[in-house]
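# Topology and contacts: notes
What follows is each chain in one-letter form.
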Amino acid sequence: MRLDAKALRYMSSDDFRVLTAIEVGSRNHDIVPAPLIAQLSHIRGGGVNRYIGDLIKRKLIASETNSKYVGYKLIYAGYDYLALKTLSKRGTVTSVGNQIGVGKESDIFVVAGEDEEQVVLKVHRLGRQSFRNVKNKRDYFRQDQSPSWMYMSRLSAMKEFAFMKVLYEHGFPVPKPIDQNRHVVVMGLVDAFPLRQITEVGEPGKLYSTLMDLIVRLAKHGLIHGDFNEFNILLQENGEPVLIDFPQMVSTSHPNAEYYFNRDVDCIRTFFKRRFNYESVLYPKFRLDADKDFNLDVQVAASGFTKKDQAQLEKYQEDVGANQNEGETRSDYYDSHEDVSDEEFVYSGDEAGSEEDEGEPSTKGKETADSGDGDDESDSDFIIETDKLGNTVRRRRTPADVDGN
Ligand SMILES: Nc1ncnc2c1ncn2[C@@H]1O[C@H](COP(=O)(O)OP(=O)(O)OP(=O)(O)O)[C@@H](O)[C@H]1O
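Owing to the predicted nature of the structure, the values given are computational and were not obtained by experimental measurement. (Residues numbered from 1 in each chain as written. Predicted model: local features only at pLDDT ≥ 70, side-chain atom pairs only at ≥ 80, totals over all residues. Heavy atoms only, no water.)

Right, let's talk about the overall build of the protein chain for a bit. Helix and strand counts for the protein chain come out as 14 helices and 16 strands. In the protein chain, which comprises 405 residues, the proportion classed as buried is 54%. Sequence separation of at least 24 residues holds for 71% of the intrachain contacts in the protein chain that already meet a minimum separation of 6. A total accessible area of about 18,900 Å² is found for the protein chain, and carbon and sulfur atoms account for 47% of it. (Helix = DSSP H or I, 4+ residues; strand = E, 2+ residues; numbered from the N terminus. Buried < 20%, exposed > 50% of the residue type's maximum accessible area, 1.4 Å probe, protein only. Contact = heavy atoms within 4.5 Å. Areas by Shrake-Rupley, 256 points an atom, 1.4 Å probe, with all protein chains shown as cover.)

Structure below.
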């Protein structure tokens, strides 16, 4: 799936009203009947059917029949569309660029921001992975029981933005948080390579200590990253790491805090041993009684991402985790995952904050960065080079390399 910027330009305001009406109607209906769409969009007569037909053709909505009537539902592309429209109206996204990556549960694009600078647009796609791993898929579709995939994606984006903001404000090395709407987060572009692509570093011991210090500093602020590994650490040319991706971040007062803390520490120890042949007897241990400098989790709760939201996301993550194939690593996932059709992601309500005209749009596409474990991957798409600090880095070829620039 692509981020279709052109579609944004060509969509009429009536199309948007109809799309927004379907989003609003979805709060109380699995599928929204045409008369309700007409009422919510204030488009009278049979006119609404023409717009509905148009939106179906553009694959922004889908029609479905239940036992009583034919209705319409928003699909991922339509939801993307509404989010992009809102961000472009706010001016935080001014044009759409290329997809630079695909995560387990997200699509990442570089787009132009407010002052034409390059920024990162991350579209959360919960359900991509869980379709394979969650047994009780139906739960997430049934509005009366559990939230939809799109609702969960929105919660995940809210969480990422809330944590990024609080961490950024307290001087942690994270991307600059810029904006968030629905399931989309806009953040600063970090000029760096994921640690996973780095084959050699000048001083592994120094980087190891920096990363362990970061884990400890987070804990002293009441937080555990929960997914602190080579995929979520970007290494800048000056050797300083930047932390991304906070879907599993938990408070140090979480009942399983010690487990999560140790897992983060172990991830780094294992990676350093495997990749750089570096081992140290020194590593941090979790201490519940440690003096806390600050409780950032309290600030996050105050930011609008509530404890209830956190609990809902945690339940989802547990469901995914509990059903994860034993021993499956993230690389295995990348190597084996099949794309799930976007039409399968159906929005079934619970959305908030969708004022009329507050629309915005979509994304997704081909895996371009990081498509397997760096150790096993074919090298033809990569260039090995030495950065200014003498680190050997492996990066994907760009058109500029082909042109010889
Ligand atoms: N702010 C950023 N600046 C530069 N690159 C970024 C940024 N955010 C993400 N990326 C790139 O996109 C990739 C995926 O991002 P991220 O880890 O946030 O997605 P994800 O869906 O959570 O992935 P996964 O769960 O598989 O780690 C990163 O490895 C990195 O290469």
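Here the narrative resumes.
What follows deals with the domain arrangement of the protein chain. Domains assigned within the protein chain are domain 1 (6-80), domain 2 (92-130 + 148-188) and domain 3 (192-323). Put simply, the middle of domain 1 and the middle of domain 3, counted by C-alpha atoms, are 42 Å apart. (Domains from an automatic or database assignment.)

A few words on the sheet that holds strand E9 (residues 192-194). If you trace the three strands from one edge of the open sheet to the other, you get E9-E12-E13, paired in antiparallel fashion. Looking at strand neighbours, the two that pair on one side only are E9 and strand E13 (241-243), the edges of this open sheet. Neighbouring strand axes in the sheet, compared pairwise and without regard to direction, differ in orientation by 35° on average. Of the strand pairs in this sheet, E9 and strand E12 (residues 233-236) are connected by three bridges, and their pairing is antiparallel. Pairing of Pro194 across the sheet is with Leu234, part of E12. Helix-sheet contacts for helix H9 (residues 204-220) involve E12 and E13, and the interaxial angle to E13 is about 35°. (Pairing = 2+ DSSP bridges. Axes fitted to C-alpha atoms, helices over the stretch in contact; angles between N-to-C directions.)

General note: in soluble globular proteins, nonpolar side chains tend to be found buried as a group. Grouped together as the largest cluster of nonpolar side chains are 54 residues, with contacts concentrated most on Leu167, Leu195, Ile268 and Phe272. Contributions of two or more residues to this core are made by helix H8 (149-169), strand E8 (184-188), H9, strand E11 (223-224), E12, helix H10 (257-276), helix H11 (296-302) and helix H12 (307-322). A total of twelve residues in this core trace back to one element, the largest contributor, which is H8. When residues of this core are assigned to domains, at least three fall in each of domain 2 (92-130 + 148-188) and domain 3 (192-323). (Core = buried A, V, L, I, M, F, W, Y, C linked by side-chain atoms within 4.5 Å.)

Attention shifts here to helix H2 (residues 13-25). Relative to the 18 Å expected for 13 residues at 1.5 Å per residue, H2 spans 18 Å between its end C-alpha atoms, a close match to the ideal helical length. For H2, the set of buried residues is Asp15, Phe16, Val18, Leu19, Thr20, Ala21, Ile22, Glu23 and Gly25. (Expected span 1.5 Å × (residues − 1).)

Further remarks concern the environment of Asp80. By the element assignment, Asp80 lies in helix H5 (residues 76-90). Between the C-alpha atoms of Asp80 and Arg182, which are 102 residues apart in sequence, the distance is 8.4 Å. Within the local environment of Asp80, its side chain forms a polar contact with the side chain of Arg125, the two groups lying 2.8 Å apart. (Polar contact = N/O pair within 3.5 Å; in protein donor to acceptor, adjacent residues only side chain to side chain.)

Before going further, it helps to examine the pairing of strand E5 (residues 106-112). Of all seven residues in E5, seven are buried, a share of seventy percent or more. Pairing analysis gives three bridges linking strand E4 (residues 99-102) to E5, with the strands arranged antiparallel. Within E5, the position partnered with Gln99 by the bridge is Phe109. Relative to strand E6 (residues 118-124), E5 runs antiparallel, the two sharing seven bridges. Looking at the pairing, Val111 lines up with Val119 of E6. Connecting E5 to the antiparallel partner E6 that follows it, the hairpin turn spans five residues, and Glu116 within it adopts a positive phi of roughly 70°.

Let's shift gears to the pattern of salt bridges. Scanning the model with the defined rule gives eleven salt bridges in all. In this structure, the salt-bridge partner of Asp14 is Arg17, at a minimum N-O distance of 3.4 Å. Taken together, the positions of Asp14 and Arg17, both in helix H2 and three residues apart, correspond to about one turn of that helix. The network of salt bridges with shared partners includes Asp80, Asp107 and Arg125. (Salt bridge = Lys/Arg side-chain N within 4 Å of Asp/Glu carboxyl O.)

On to empty space enclosed by the protein. For the structure on display, the rule yields one cavity of 30 Å³ or more. Forming the boundary of the largest cavity are Ile215, Leu218, Leu223, Ile224, His225, Phe228, Phe261 and Asp264. Elements represented by at least two residues in the lining of the largest cavity include exactly H9, E11 and H10. Among the residues making up the lining of the largest cavity, the classes are represented as six nonpolar, one polar and one charged. (1 Å grid on protein atoms, 1.4 Å probe; cavity = no way out; pocket = protein on both sides within 12 Å on 5 of 7 lines; lining within 4 Å. Points joined across faces, edges and corners; volume = space filled by probe spheres on them. Nonpolar A, V, L, I, M, F, W, Y, C, P; charged D, E, K, R; others polar.)

The next point concerns the environment of Glu23. For Glu23, the location among the structural elements is in helix H2. Along the sequence, Glu23 and Asp213 sit 190 residues apart, while their C-alpha atoms lie 45 Å from each other.

Our focus in this paragraph is the pairing of strand E7 (residues 177-181). For E7, a buried count of four out of five residues is recorded, marking the element as mostly surrounded by other parts of the structure. Relative to E8, E7 runs antiparallel, the two sharing four bridges. Bridge assignment links Gln180 to a residue of E8, and that residue is Val185.

This next bit is on unusual backbone geometry. With a phi close to 60°, His42 is a non-glycine residue in the positive phi region. Among the secondary structure elements, His42 is positioned in the loop between helix H3 (34-41) and helix H4 (47-57). Phi at Asp245 is positive, roughly 70°, even though this residue is not glycine. Its place among the elements puts Asp245 in the loop between E13 and strand E14 (250-251). We classify Asp245 as buried; its relative accessible area is 15%.

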